[in-house]
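# What the coordinates show
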Amino acid sequence: MEKLLSSWSSAAIHLPENYVFPVHSRPGDATVPFCNTLPIIDLNTAFAGARQDAVQQVLEACQDFGVFQVINHGVDEDLVIDTMRVVKEFFDMPNEDKANVYSEDPNKKCRLYTSTYDYENEKVHLWRDNLRHHCHPIDEFIHLWPQKPARYRDVVKKYSLQVGDLSSRILDLICEGLGLGPTYFGDGLIGAQLFSANHYPPCPNPDLALGLPKHCDANLITFLLQDDIYGLQLYRNGEWLGIEPIPNAFVVILGHQAQVISNGKLTSPEHRAVTNSTDHRISIVYSINPKPDSIIEPAKVLINDSNPPLYQAFQFKEFLKTYEVKKDYNEGALEDFKIKA
Ligand code: OGA
Ligand code: NI
């Protein structure tokens, strides 16, 4: 547990050498402006009769940015606040209370660890601790979740069910926008739903370190909740732009699988998390993944003579192997699966 940032970072005056990113990937100290064109979609419209309007807004956001924020999303606001609070309480607990979920075994279905799944072999460590567990179906996994804070399981169960429900509603809007059948992203495809809480403690050199380096999400879609501390950045048209924290909003991010299924119509954006020198930052990521054996391929209805498939079919687990082995979390991870012209 001594590797956890929360065990030692508050006493660190200098950033240890093995947290310093190479010059080309470190954030540096240039100011990064907020992305003020990032769509903020009010989901009330979708459920107040103006569904076509919401379908259109979501589709355009997914095509142009691959990321957007949603407000009036139907997840209970008090529950959102309470989930953030209970996760903060978890990371604030003394080590002895976290010890039974700490693990260096990446195959554990619930674990607290630091940096990536491959701490021993990675060149540079990430400035984050992460608590991650499966949550679907809940009853299969809840007994593995943290027992402290005492209300953790109760709060996170409610949160997981509601965000899981939100994910179905958003995927339905995306399906409709693409013209896929309404059940394309149904139970046949969806497998693991992961709750992943990041804790980024204050960092002595935010210009040299990263909470998460530039990556695309490997999954289908991500629902990210940030607290009021900024740190999420989007790489767009060759520059970094900040994603402004909005209270009680989710940042929705498309993963690589959405890009493949849509045959490149939708985009999976590159993004990263930076740190800062004064504040603890928490983000809670709810990740929707295909089943390991699911065949991922461009949806047949999107393919015709003028739109040939850009990707070959693969099993999701094959993709994950490439994503992890290549240690190339960007566009390059899809390279092996592209159909060469
Ligand atoms: C992620 C991610 C960003 C953040 O977990 O995949 O991009 O702000 N997190 O924590
Ligand atoms: Ni991400």
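Residues numbered from 1 in each chain as written. Chains lettered and ligands numbered in written order. Predicted model: local features only at pLDDT ≥ 70, side-chain atom pairs only at ≥ 80, totals over all residues. Heavy atoms only, no water.

### Description of the coordination of the nickel ion (ligand 2)
Protein coordination at the nickel ion (ligand 2) comes from H215 (NE2), D217 (OD) and H271 (NE2), with a distance range of 2.1 Å. Donor residues for the nickel ion (ligand 2) sit on one chain with the sequence pattern H-x1-D-x53-H. You can see H215 sitting in strand β6 (residues 212-215) and its partner H271 sitting in strand β11 (residues 270-273), a full 56 residues away along the chain. Relative accessible area serves as the criterion here: at 10%, H215 is assigned to the buried category. (Donors = N, O, S within 2.8 Å, 3.2 Å for Na, K, Ca; no water. Helix = DSSP H or I, 4+ residues; strand = E, 2+ residues; numbered from the N terminus. Buried < 20%, exposed > 50% of the residue type's maximum accessible area, 1.4 Å probe, protein only.)

### Remarks on the UniProt feature "domain: Fe2OG dioxygenase" (unreviewed entry) in the protein
Residues given the UniProt feature "domain: Fe2OG dioxygenase" (unreviewed entry) here are residues 190-290. Structurally, residues 190-290 comprises 6% helix and 49% strand, and the distance from its first C-alpha atom to its last is 4 Å. (UniProt positions renumbered as here; feature names shortened; annotations may be inferred.)

### Regarding the side chain of Q69
Mapped onto the elements of the fold, Q69 is located in strand β2 (residues 67-71). Once residues lying within four places of it in the same chain are set aside, the contact partners of Q69 are L38, P39, I40, I41, I243, E244, I246, A249, F250 and V251. (Contact = heavy atoms within 4.5 Å.)

### Topic: helix α7 (residues 152-178)
Taking 1.5 Å per residue, 27 residues should reach 39 Å; α7 reaches 38 Å between its end C-alpha atoms and fits that length. G179 sits one or two positions beyond α7 and adopts a positive phi of about 80 degrees. (Expected span 1.5 Å × (residues − 1).)

### Examining the packing of aromatic side chains
Tallied over the entire structure, the rule returns 16 aromatic pairs. Aromatic pair Y152 and F195: ring centres 6.5 Å apart, planes at 85 degrees, arrangement edge-to-face. A residue pair is termed long-range when its members are at least 10 positions apart, and Y152 in helix α7 and F195 in strand β5 (residues 190-200) qualify at 43 residues. The same class applies to Y152 and to F195, which are both buried. What links up through ring pairs into an aromatic cluster is the set F90, F91, W145, Y152, Y159, F195 and F250. A cation over an aromatic ring shows up here: K214 above the ring of Y235, its NZ or CZ 4.0 Å from the ring centre. The positively charged end of R236 is found above the aromatic ring belonging to F65, 3.7 Å away from the centroid. (Phe/Tyr/Trp six-rings, centres within 6.5 Å; stacked < 30°, edge-to-face > 60°. Lys NZ or Arg CZ within 6 Å of the ring centre and 35° of its normal.)

### Remarks on the pattern of salt bridges
For the structure shown, the criterion picks out 15 salt bridges. For the salt bridge of D64 with R236, the shortest nitrogen-to-oxygen distance reads 3.2 Å. Remark: R236 occurs in strand β8 (residues 232-236) and D64 occurs in helix α3 (residues 51-64); sequence separation between them is 172 residues. We classify D64 as partly exposed; its relative accessible area is 45%. Between R151 and E89 there is a salt bridge, with the nearest N and O atoms lying 2.9 Å from each other. In this pair, R151 is assigned in the loop between α6 (138-141) and α7 and E89 in helix α4 (residues 77-92), connecting sequence segments 62 residues apart. A relative accessible area of 29% means that R151 is categorised as partly exposed. What you see here is one network of salt bridges that share partners, running through D82, R85, E89 and R151. (Salt bridge = Lys/Arg side-chain N within 4 Å of Asp/Glu carboxyl O.)

### Here's the deal with the site of ligand 1
Around ligand 1, a shell composed of N198, Y200, L212, H215, D217, L224, L232, H271, A273, R281, S283 and V285 is seen. One nitrogen or oxygen atom from the side chain of N198 is found 3.5 Å from an oxygen atom belonging to ligand 1. A distance of 3.1 Å is found between an oxygen atom of ligand 1 and a side-chain nitrogen or oxygen belonging to H215. Here ligand 1 has 290 Å² of accessible area as a free molecule, and 92% of this is covered by the chains. The element best represented in the shell around ligand 1 is strand β12 (residues 281-290), accounting for three residues. Looking at side-chain class alone, the shell around ligand 1 contains six nonpolar, four polar and two charged residues. (Near = heavy atom within 4 Å. Polar contact = N/O pair within 3.5 Å; in protein donor to acceptor, adjacent residues only side chain to side chain. Areas by Shrake-Rupley, 256 points an atom, 1.4 Å probe, with all protein chains shown as cover. Nonpolar A, V, L, I, M, F, W, Y, C, P; charged D, E, K, R; others polar.)

### Points about the packing of α3 against α7
Viewed as axis vectors pointing N to C, α3 and α7 meet at an angle of 85 degrees, and their least axial separation amounts to 8 Å. Our classification of the angle between α3 and α7 gives roughly perpendicular. Where α3 abuts α7, its residues R51, Q52, V55, V58, L59 and C62 lie against D172, L173, I174, E176, G177 and L178. Grouping the constituent residues of the contact of α3 with α7 by class yields seven nonpolar, two polar and three charged. (Axes fitted to C-alpha atoms, helices over the stretch in contact; angles between N-to-C directions. Parallel < 35°, antiparallel > 145°, perpendicular 65-115°, else oblique.)

### Let's talk about the sheet that holds strand β9 (residues 239-242)
Strand order in the open sheet made by the four strands is β6-β11-β8-β9, with antiparallel pairing throughout. Since the sheet does not close on itself, it has two edges, and those belong to β6 and β9, each with one partner. Neighbour to neighbour, the strand axes of the sheet diverge by 25 degrees on average, direction disregarded. (Pairing = 2+ DSSP bridges.)

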